[in-house]
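Listed here are the chains, written in short residue letters.
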Amino acid sequence: MNNIAYLSLGSNLGDRLDYLKSAIQALDSHPDIKVASTSSVYETDPVGYTDQGKFLNLAVKIETSLGAEALLDTCLNIEKSLGRVREIKWGPRTIDLDILLYNNENIETDRLVIPHPRMHERLFVLIPILEIDPFLKIPTNDKPLIDLIEQIPNKKGVRLWKQTSGEDAYAHFGS
C-alpha cells in the first residue's frame, strides 16, 4: 500500500457516531485500504445549506493501493451502503466521505478534484486533519495548516465532541 490519502467524514442524520464508525470500519475492512489514524470527533454547524442539524466530523489518514478514482468509487459505495441519498446540495446526509488529499498530487478530472477545492476554507476539515498531521501542507498552498486556520475569519461552529484516546483507531468510539 504505497499511497497516502486523507479523508473527511461527516454525518448529521440518525445515529451520527454510528455512521462514522461504520464508514471507518468499511474503509479498514477493504483489502486495499488500511486506516492509519483518525482524528477526534467534532460537532460542527452546517455550511452552505444551513437549515439542517449539526454534523459530526472527523478526518482519517489511510494507506491504500487504490488509485485516486478507485478510492473515490470505494467512498461512494460506502456512502451508498450506509444510506446516503443526494437530494439537496450540501444537505442532510447519513454519511459523507470526501477525499481531501492523495499523496502530494494535484488531480483534476470530471469526477474528482484533489486537493479538495474548499478544504482550505473549512474549519471542520482543517482542525481534524491538523490533529492527525500538524506538519501537513496542501500541495496547492505552501502555508502550514495552522496558518490557513488563522486566516479563516469566523472560527465558531466547530467543537470537540469526542476526543481520541491515542491508543488505537477505534478507542474513541467505545461505549
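Note that the structure is a prediction, hence the values are computed from the model and not measured.

Caption draft 1: Examining the confidence of the model for the protein more closely. Overall, the predicted model of the protein reaches an average pLDDT of 86, with 89% of residues at or above 70. The model gives residues 167-175 a pLDDT under 50, and that stretch makes 18 contacts with residues more than four places away or in other chains.

Caption draft 2: Quick peek at the nonpolar core. One finds Leu7, Leu9 and Leu71 to be the most contacted residues of the largest nonpolar core, which totals 29 residues. Elements supplying a minimum of two residues to this core: β1 (3-11), α1 (16-29), β2 (33-38), β4 (55-64), α2 (68-81) and β5 (96-102). Those residues in contact with leucine 9, other than ones at most four positions away along the chain, are Leu20, Ala23, Ile24, Leu56, Asn57, Leu58, Val60, Asp96 and Leu97. Grouped together as the second largest cluster of nonpolar side chains are 20 residues, Met119, Leu126, Leu130 and Leu145 included.

Caption draft 3: Seen up close, the pattern of salt bridges. Using the criterion set out here, one finds seven salt bridges in the structure. One salt bridge in this structure joins arginine 159 and glutamate 43, with 4.0 Å as the shortest N-O distance. Of this pair, arginine 159 sits in strand β8 (residues 158-162) while glutamate 43 sits in strand β3 (residues 41-44); the two residues are 116 residues apart in sequence, bridging distant segments of the chain. Take arginine 159: its relative accessible area is 31%, and that puts it in the partly exposed class. Lysine 54 serves as the salt-bridge partner of aspartate 45, at 3.2 Å between the closest nitrogen and oxygen. Taken together, the shared-partner salt bridges in this structure form one network comprising Arg16, Glu43, Asp45, Lys54 and Arg159.

Caption draft 4: Up close: unusual backbone geometry. Backbone torsion omega between isoleucine 114 and proline 115 reads 0°, so that peptide bond is classified as cis. Inspection of the secondary structure assignment puts proline 115 in the loop between β7 (113-114) and α3 (123-132). Although it is not a glycine, asparagine 103 adopts a positive phi angle of roughly 50°. Residue classification places asparagine 103 among the partly exposed positions, given a relative accessible area of 27%.

What counts and how
Numbering of residues begins from 1 in every chain and follows the order in which that chain's sequence is written. Since the coordinates come from a predicted model, pLDDT governs what is reported: local features require at least 70, and pairs of side-chain atoms require 80 or more to be given and counted, while whole-chain, interface and lining totals use all residues. Water and hydrogen atoms were dropped before computing side-chain values, which therefore reflect all heavy atoms in the structure. On a scale of 0 to 100, pLDDT captures the predictor's confidence in every residue. Any two residues whose heavy atoms approach within 4.5 Å are treated as being in contact. Grouping buried Ala, Val, Leu, Ile, Met, Phe, Trp, Tyr and Cys residues that are joined through side-chain atoms within 4.5 Å yields what is termed a nonpolar core. Throughout this description, buried means an accessible area under 20% of the type-specific maximum (1.4 Å probe, protein chains only), exposed means over 50%, and partly exposed covers the range between. Helix and strand labels come from DSSP, where a helix needs a run of H or I of at least four residues and a strand needs a run of E of at least two; each type is numbered from the N terminus. One speaks of a salt bridge when a side-chain nitrogen belonging to Lys or Arg is within 4 Å of a carboxyl oxygen belonging to Asp or Glu.

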